[in-house]
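For reference, the chains in residue letters:
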Amino acid sequence: MASENYSVQGGTAVIYLNNPPVNGMGHALREELAAHLDTAWADPNVDAIVITGAGKLFCGGADIKAFNTPASRAEPSSRTIVRRIEESAKPVIAAIHGSALGLGLEFAMGCHYRIAQRGARLGLPEVKLGLLPGGGGTQRLPRLAGVEAAVKMIVEGNPVSADEALAMGLADEVAAGELLPAALDFARRVAKGATHPVASQRQAKVPADANFFEAQRQRIAKSKRGQPAPLECLACIEAATTMPFDEGMKFERERFDVLVNGTESKAMRHLFLAERAAAKIPGIPADVAPAKIAKVAVIGAGTMGSGIAMSFASAGIPVILFEARDEALQRGLATIRRNYEGTVSKGKLKQEEAEARIARIETTLDMARMADADLVIEAVFEDMAVKRDLFAKLDALCKPGAVLATNTSRLDVNEIAAATSRPQSVIGLHYFSPANVMRLVEVVRGAATSPEVVVTSMNVVRQTGKLPVLVGVCDGFVGNRMVAQYAREAEFLLEEGATPAQVDGALQKFGLAMGRFAMADLAGLDIGWAGRKRLAPTRPQHLRYSKVADRICEMGRFGQKTGAGFYRYEAGSRTPLPDPIVNDLIIECAREAGIERRTITDEEIVERTIYALVNEGAKILEEGIAQRASDIDLIYVNGYGFPAWRGGPMFYADTVGLDKVYARVLEFERQHGEFWKPAPLLKRLAESGKTFAKPE
Ligand code: NAD
């Protein structure tokens, strides 16, 4: 079969996996590969076969969109192709550059040999999609690299380098220079051999510790709470040590099928595809190119500013950090140093690299030094007057075309932009705390923000390894606007009969990283209190208002930093302990408000808080503040500790069934009034049997 993907070079057939962008092992690619292998096997002039990837990588894996469809298993399946390779008298060599991930690596393990170019990454990341490697990976990797290495790669899903692959027996050789000549040379050497190694015929290398699997099971059950995939991965690896290969393969297939049809994996695949969708901005022409950001200025070296400066410095982009007060600047710089040094002491960063990053952050008290920055991000006090004053100054100072960004949590970006003569250059970049760690950034498009500034901002955030999600202007944008509804319901539930520990317990059981009240204590209660006092004169008097949080603040309890908040904390500990004083205070507030306390179930706690998120999310969608439901899910999972295996609040509502969610919202409206007015979009989708994922 003549093709650009097949050639014979000095007795070795070279087959390219060619299916842009990542050479995904879709059905068409498998058919072509099988045909080329047949050609090579039939050709008496070929005595070795090299399979490599076209373009930048070997193979990125299976076609995720084809999961749960017949195309994923249509013959020739990867299993069938590998079986034939294992029977081949001619050696088959996988030549790996860029990356070999998922089914790509599983296929490579089915070849006789693997040569990997230095810089390549080899990995089985299926667990991150709530799956296990279902193409023989759980059976072949323990046989090639041993059980311990297999657990690390399969249960955690992190890739290894070419050199690590060589050391563990996953690769046979590392090519320091060009891959193809090295692979052809390797092929010439092994072609002479009478037999070639077949992974499935080997014995898995088992750990010395007889208790290994039990200990791992306990570790995983704790660290991956609520997720079935990591434990299933472990069970399959164990099967590689107790069952013959074919039985192990059958077991792997069965467990894969359970996972691939389960909600958790569907949720995680939803989020994977959601990240790709979030990068697309309908209405902005494809030819709008991002501007290059060579120099960033960050204003304010407080909690957020220092973290934001680190995120650029870590990505190799020079930063100038400007402060109004020298003392704050020095404190910020000390925080930055401490954070980098902490990473070094954990062995996650080399000392030289930490120093290079710190050196990329220049500090100044002189505003004029920001004049040539391509992007300015302000993280000063959350005060409209302060921000407007600052933006007017930036307008006078900064070069034309510079992107002027605000990290405000909830102020009106349009009002800030109006303080300048160039609102088209103004945008919100809402980072999450700690900003050097959290991936999410809400990119807030103002009414006048230009498409170039949107595209440039999304692009530079991505360059720093973060996840930008485009949102519109409203109070609190997407995340904080939704969380306000959730927090309100959590506080109402206290008055109605629950305790902070009960509410948090139910939410943690649901899968949230932290309950509402432990989270509030961690973040600090004083900022919200100040905001409520400011807004008190405008609060509608006919609406229910819980005084619990205010009364806790009045006692000087601002959360962890004062040793007490909704919980109490022992000196030096972050463990929230129930506090009888708070329980008494809740009962008193309920009595004053004329609320009769009753028994609250965990189910009600979850429904009241999570459906409050869903109903507000639906309003946000309808108003066009979020572009798509999956963007809201990304925000919640990456910014608010919502469990990935539930797919985010909107996806979760889809899995419950929008008719059921809507019925509960109506019931809550009857019981609790206008806070629960159903979003018209929720009503429409529920009544037409649609979902947020497929609203049409
Ligand atoms: P912070 O009080 O820790 O830091 C603010 C810093 O800005 C201070 O060091 C102050 O000296 C400096 N500053 C004030 N006015 C200035 C000016 N005119 N010029 C230069 N420097 C000035 O506050 P923070 O928590 O880092 O919050 C900063 C912004 O980020 C706020 O708008 C806040 O709403 C937003 N934000 C905060 C969080 C959070 O969790 N803390 C999360 C997202 C967004």
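Residues numbered from 1 in each chain as written. Predicted model: local features only at pLDDT ≥ 70, side-chain atom pairs only at ≥ 80, totals over all residues. Heavy atoms only, no water.

## Section: the overall build of the protein
- Check the secondary structure of the protein and you find 28 helices and 17 strands.
- Taking 26 Å as the expected radius of gyration for a compact globule of 696 residues, we find that the protein reaches 28 Å, a close match to that expectation.
- Its C-alpha atoms give the protein principal-axis dimensions of roughly 90 × 60 × 55 Å.
- Across the 696 residues in the protein, those meeting the buried criterion constitute 54%.
- A total of about 29,600 Å² of accessible surface is found on the protein, and carbon and sulfur atoms cover 54% of it.
- Across the protein, the centroid of the 84 positively charged side chains sits 1 Å from that of the 84 negatively charged ones. (Helix = DSSP H or I, 4+ residues; strand = E, 2+ residues; numbered from the N terminus. Rg over C-alpha atoms; globule rule 2.2 N^0.38 Å. Buried < 20%, exposed > 50% of the residue type's maximum accessible area, 1.4 Å probe, protein only. Areas by Shrake-Rupley, 256 points an atom, 1.4 Å probe, with all protein chains shown as cover. Lys, Arg positive; Asp, Glu negative; His and termini not counted. Charge placed at Lys NZ, Arg CZ, Asp CG, Glu CD.)

## Observations regarding a nonpolar patch on the surface
- Where nonpolar side chains cluster on the molecular surface, the patch consists of M514, M519 and L522 and spans about 230 Å² of accessible area.
- Among the secondary structure elements, M514 is positioned in the loop between α19 (500-510) and α20 (516-523). (Patch = residues over 30% accessible without salt bridge, like charges linked within 9 Å, V, L, I, M, F, W, Y side chains within 5 Å. Salt bridge = Lys/Arg side-chain N within 4 Å of Asp/Glu carboxyl O.)

## Things to note about the site of the ligand
- In the vicinity of the ligand there are 21 residues, among which M304, E323, E382, K387 and S409 approach most closely.
- Separating a nitrogen atom of the ligand from a backbone N or O atom of A324 is a distance of 3.3 Å.
- Measuring from an oxygen atom of the ligand, one finds a side-chain N or O atom of S409 at 2.7 Å.
- Here the ligand has 830 Å² of accessible area as a free molecule, and 79% of this is covered by the chains.
- Taken together, the elements giving at least two residues each to the shell around the ligand come down to α12 (303-314) and β15 (426-431).
- Its residues assigned to classes, the shell around the ligand shows nine nonpolar, eight polar and four charged. (Near = heavy atom within 4 Å. Polar contact = N/O pair within 3.5 Å; in protein donor to acceptor, adjacent residues only side chain to side chain. Nonpolar A, V, L, I, M, F, W, Y, C, P; charged D, E, K, R; others polar.)

## A word on the pattern of salt bridges
- With the rule as written, the count across this model stands at 49 salt bridges.
- Measuring nitrogen to oxygen at the nearest pair gives 3.0 Å for the salt bridge that ties E86 to R140. Of the two residues, E86 is situated in helix α2 (residues 78-87) and R140 in helix α4 (residues 137-145); the sequence distance between them amounts to 54 residues. Considered together, E86 and R140 belong to a single accessibility category, that of buried residues.
- A salt bridge links E496 to R608; its shortest N-O distance comes to 2.8 Å. Of this pair, E496 sits in helix α18 (residues 479-496) while R608 sits in helix α24 (residues 602-622); the two residues are 112 residues apart in sequence, bridging distant segments of the chain. Of the two residues, E496 and R608, neither departs from the other in class, the shared state being buried.
- In the salt-bridge network here, residues are joined through shared partners; they are R488, E489, E495, E496, R544, R598, E604 and R608.

## Some thoughts on the domain arrangement of the protein
- Each domain of the protein was delimited in the assignment, giving domain 1 (3-260), domain 2 (296-471) and domain 3 (479-688).
- Contacts between domain 2 and domain 3 engage twelve residues on the former and ten residues on the latter.
- Taking both partners together, domain 2 and domain 3 bury about 1,000 Å²; carbon and sulfur atoms supply 58% of that area.
- At the boundary of domain 2 and domain 3, one finds zero salt bridges.
- Mapped by element, the contributors of at least two residues to the side of domain 2 that touches domain 3 are β16 (440-445) and β17 (467-472).
- At four residues, β17 tops the list of elements feeding residues into the side of domain 2 that touches domain 3.
- Residues that form the side of domain 2 that touches domain 3 fall into these classes: seven nonpolar, two polar and three charged. (Domains from an automatic or database assignment. Contact = heavy atoms within 4.5 Å. Buried area = accessible area lost by both parts, 1.4 Å probe.)

## A closer look at the packing of helix α26 (residues 649-656) against helix α27 (residues 658-672)
- The geometry of α26 relative to α27 is characterised by a closest axis approach of 6 Å and an angle of 100° between their N-to-C directions. In terms of orientation, α26 lies roughly perpendicular with respect to α27. Together, A653, D654 and V656 of α26 and L658, K660 and V661 of α27 make up the contact between the two elements.
- Across the contact of α26 with α27, the residue classes break down as four nonpolar, no polar and two charged. (Axes fitted to C-alpha atoms, helices over the stretch in contact; angles between N-to-C directions. Parallel < 35°, antiparallel > 145°, perpendicular 65-115°, else oblique.)

## Structural notes on the sheet that holds strand β1 (residues 6-9)
- Strands sit in the order β1-β2-β3-β4-β6-β9 across an open sheet of six strands; the sheet is mixed. Either end of the sheet is taken by a strand with one partner, and the two such strands are β1 and β9 (173-175). Geometrically, the sheet is characterised by an average inter-axis angle of 25° between neighbouring strands, direction not taken into account.
- Sheet topology places β1 next to strand β2 (residues 12-17); four bridges connect them, and they run antiparallel. Paired with Q9 across the two strands is T12, which belongs to β2.
- Sitting on the sheet, helix α1 (residues 27-42) is in contact with β1, β2 and β3 (48-53), with an inclination near 175° to β2. (Pairing = 2+ DSSP bridges.)

## Points about the packing of helix α8 (residues 212-223) against helix α9 (residues 228-242)
- At their nearest, the axes of α8 and α9 sit 10 Å apart, and the two run at 170° to each other. As judged from the angle between their axes, α8 and α9 are roughly antiparallel. For the pair α8 and α9, the contacting residues are F213, Q216, R217, I220 and A221 in the first and P230, L231, L234, I237, E238 and T241 in the second.
- Of the residues belonging to the contact of α8 with α9, the class tally is seven nonpolar, two polar and two charged.

## Some details on unusual backbone geometry
- That bond from E75 to P76 is cis: its omega, 0°, falls within 30 degrees of zero.
- S433 connects to P434 through a cis peptide bond whose omega is -5°.
- With respect to the helices and strands, the residue P434 is situated in the loop between β15 and β16.
- For F477, which is not a glycine, the phi torsion comes out positive at approximately 55°.
- Turning to its location among the elements, F477 is positioned in the loop between β17 and α18.
- With relative accessibility at 0%, the residue F477 sits in the buried group.

## As for the nonpolar core
- Counting 98 residues, the largest nonpolar core has L394, F566 and F692 as its most contacted members.
- By residue number, the principal contributor to this core is α24, which donates ten residues.
- Taken domain by domain, the makeup of this core includes at least three residues from each of domain 2 (296-471) and domain 3 (479-688).
- Excluding residues that lie within four positions of it along the chain, L394 makes contacts with I299, M367, M370, V376, L404 and R422.
- In this structure, V46, V82, V160 and L234 belong to the second largest nonpolar core, which totals 68 residues. (Core = buried A, V, L, I, M, F, W, Y, C linked by side-chain atoms within 4.5 Å.)

## Points about the sheet that holds strand β7 (residues 121-123)
- Here we have three strands laid out as an open sheet, ordered β5-β7-β8, and mixed in their pairing. In the strand order of this sheet, the two ends are held by β5 (99-101) and β8 (160-161), each with one partner.
- Of the strand pairs in this sheet, β7 and β8 are connected by two bridges, and their pairing is antiparallel. For R121, the partnering residue across the bridge sits in β8 and is S161.
- Contacts between helix α3 (residues 103-110) and the sheet are confined to β5 and β7, with β5 contributing the most and set at about 95° to the helix.

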